[in-house]
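Listed below are the residues making up each chain.
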Amino acid sequence: MSDILELTGREEAPAAGNTRKVFVKTYGCQMNVYDSQRMADALGADGYVETASPEDADMILLNTCHIREKAAEKVYSELGRLRKLRDRRRSDGGEMLIGVAGCVAQAEGEEIIRRAPVVDFVIGPQTYHRLPQIAAEARQGNKVVETDYAMEDKFEKLPAHDEQRVRARGVTAFLTVQEGCDKFCTFCVVPYTRGAEVSRPVHQILSEARRLAGAGVREVTLLGQNVNAWHGEGADGREWGLGELLHELAKIDGIDRLRYTTSHPRDMDDALIAAHRDLDCLMPYLHLPVQAGSDRILKAMNRKHTADEYRRLVDRIRDARPDIALSGDFIVGFPGETDADFEDTMRLIADVGYAQAFSFKYSPRPGTPGADMDDQVPEDVKTGRLHRLQALLDEQQAGFMKGLEGRTISVLLEKPGRDPGQLVGRSPWLQPVVCDENVGKIGDIVQVRITRASANSLIADNSEVEIPA
Ligand code: 5AD
Ligand code: SF4
């Protein structure tokens with residue numbers, strides 16, 4: 001998945017009776033954001049409400065990311081800070097359970113409790129439906145580690161979205177349709193932490209999407225580590241891919257915008273490309289990581305395609321949907337990467353043109369083939385390459401943003417802005433757009449004219465807004 005996020009807890013109105021409070025901190029990709037919400041839902045059935053302040057939480061849940069070394073180290077420093085918080089709470093006569101979920105939990109298991117004894121339970125991404133029982137056991141004073149792979153059950157056993165909670169979360173929602181990865185890129189821990197590719201059945205996806213729409217959601221982002229590898233038996237009895245699924249989702253009343261992330265170039269099939277041409281509600285934005293532009297490095301990464309195959313794929317996608325904006329992930333300093341290989345990556349970026357991108361220095365992950373390869377690239381070389389690559393990507397992003405100035409675009413209004421009188425929404429290409437509150441209300445899709453673009457957001461000209469009937 002894309003960029004590393006760090007999201008801290010949110011506040012929920014306490015329910016009547018004897019409620020407990022849970023503070024959830026989410027690291028990593030959007031799939032973790034989705035999982036955190038589902039864990040909160042599972043705990044909700046057990047009487048927990050979410051709190052935004054860790055100080056008064058009865059349970060702290062860290063939903064972790066293991067993709068790069070720094071991400072895992074952050075979790076351990078956070079656990080150090082939490083120990084002090086828990087001790088303070090105990091000295092006030094209270095109690096606080098501390099749980100670690102997500103990919104660090106899956107990868108490290110019991111090691112987490114050895115290294116951070118403050119942790120009460122460790123729970124891998126395939127066992128979240130068991131959270132209430134695990135919490136009950138931990139409340140008895142037992143340490144619990146649950147990192148089984150029971151994927152078939154995961155989606156089935158998670159509680160349905162709670163309508164009230166969905167409403168409180170806003171007009172956009174994530175929906176996981178696929179999990180795991182069989183691609184085994186040689187730099188990546190995901191196939192080891194999230195397990196094999198599993199697609200969620202069509203009927204579950206459609207019923208969750210309908211429930212979201214019923215609770216006021218207007219934009220759904222389908223999630224999967226390899227979302228475009230999704231496949232399943234369709235309502236017509238035929239084998240569907242993501243293209244067919246998107247067509248079906250587009251029929252649901254109330255859902256006006258669809259997105260999906262994150263994709264592998266090898267899984268962009270004809271039906272999916274055609275969906276970008278045929279479905280207006282499929283937003284013209286595609287995160288399509290290539291990682292590197294040198295065939296030698298792509299091969300060493302086990303990406304199983306060449307740089308030119310990627311260029312041709314992009315051409316076909318742009319033929320189908322000319323206004324599509326591309327985003328990507330790049331790794332610099334993969335073992336054996338020479339200056340010439342790096343120049344190939346720079347050339348690919350220059351040829352393709354990205355509206356947005358995430359880029360990283362290669363970080364060796366224990367247990368992956370890349371970590372044992374010879375010719376690891378020195379840190380200072382990686383740093384130098386990353387700076388050059390990011391300068392080019394920043395320039396492309398700024399160019400894309402500038403190109404929107406003066407244009408009238410559609411914006412889904414999502415939330416109040418930072419200043420009074422503002423509403424913030426998203427453009428079709430995912431940028432936040434700051435609008436005047438008079439343009440409409442949260443949940444409306446409005447047409448606004450962009451007057452100014454900053455590095456990461458757009459400002460709408462509020463005097464010329466048109467609100468569709
Ligand atoms: N080192 C650096 N970046 C990595 N990514 C995945 N594994 C590594 C690693 N070992 C990046 C890839 C991927 C994104 C989610 O994180 O670019 O697409
Ligand atoms: Fe990791 Fe590659 Fe799978 Fe993406 S496709 S999750 S980078 S192994």
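Keep in mind the model is a prediction, meaning the values are calculated, not measured.

A. Main features of the confidence of the model for the protein chain. Chain-level statistics for the protein chain give a pLDDT mean of 91 and a share of 92% at 70 or above. Across residues 463-469, where pLDDT falls below 50, the model places 14 contacts with residues more than four positions away in sequence or in other chains.

B. Structural view of the packing of aromatic side chains. Counted according to the given criterion, the structure contains five aromatic pairs. Note on Phe-330 and Tyr-354: the rings are 5.2 Å apart at their centroids and 85 degrees apart in plane angle, and the pair reads as edge-to-face. A residue pair is termed long-range when its members are at least 10 positions apart, and Phe-330 in strand β16 (residues 325-332) and Tyr-354 in the loop between α14 (339-352) and β17 (356-361) qualify at 24 residues. Accessibility classification places Phe-330 together with Tyr-354 in one group, the buried group. A ring pair is formed by Phe-400 and Trp-429, whose centres lie 6.1 Å apart and whose planes are at 75 degrees; its orientation type is edge-to-face. Here Trp-429 lies in the loop between β19 (422-426) and β20 (432-436) and Phe-400 lies in helix α15 (residues 379-404), a separation of 29 residues in the sequence. A relative accessible area of 23% places Phe-400 in the partly exposed class. Each member of the aromatic cluster is reached from another via a ring pair, and the members are Phe-187, Phe-334 and Tyr-362. When the ring centre of Phe-360 is taken as reference, the NZ or CZ atom of Arg-68 above it lies at 3.5 Å. Residue placement shows Arg-115 over the ring face of Tyr-76; its charged tip is 3.6 Å from the ring centre.

C. The arrangement of the pattern of salt bridges in detail. Under the criterion given, the structure shown has 41 salt bridges. Of the charged contacts in the structure, one is a salt bridge between Arg-81 and Glu-78, with a shortest N-O distance of 2.7 Å. With Arg-81 and Glu-78 both in helix α2 (residues 69-91), this residue pair falls three residues apart, about one helical turn. We classify Arg-81 as partly exposed; its relative accessible area is 49%. On the accessibility criterion, Glu-78 (9% relative accessible area) is buried. A salt bridge links Asp-461 to Arg-449; the shortest N-O distance between them is 3.7 Å. Of this pair, Asp-461 sits in strand β22 (residues 458-466) while Arg-449 is found in strand β21 (residues 445-453), placing the two residues twelve residues apart along the sequence. Ionic contacts of the salt-bridge type, sharing partners, join the residues Arg-38, Asp-41, Glu-50, Arg-169, Arg-200 and Glu-208 into one network.

Each value, and the rule that gives it
- Residues numbered from 1 in each chain as written.
- Chains lettered and ligands numbered in written order.
- Predicted model: local features only at pLDDT ≥ 70, side-chain atom pairs only at ≥ 80, totals over all residues.
- Heavy atoms only, no water.
- pLDDT = per-residue confidence, 0-100.
- Contact = heavy atoms within 4.5 Å.
- Phe/Tyr/Trp six-rings, centres within 6.5 Å; stacked < 30°, edge-to-face > 60°.
- Helix = DSSP H or I, 4+ residues; strand = E, 2+ residues; numbered from the N terminus.
- Buried < 20%, exposed > 50% of the residue type's maximum accessible area, 1.4 Å probe, protein only.
- Lys NZ or Arg CZ within 6 Å of the ring centre and 35° of its normal.
- Salt bridge = Lys/Arg side-chain N within 4 Å of Asp/Glu carboxyl O.

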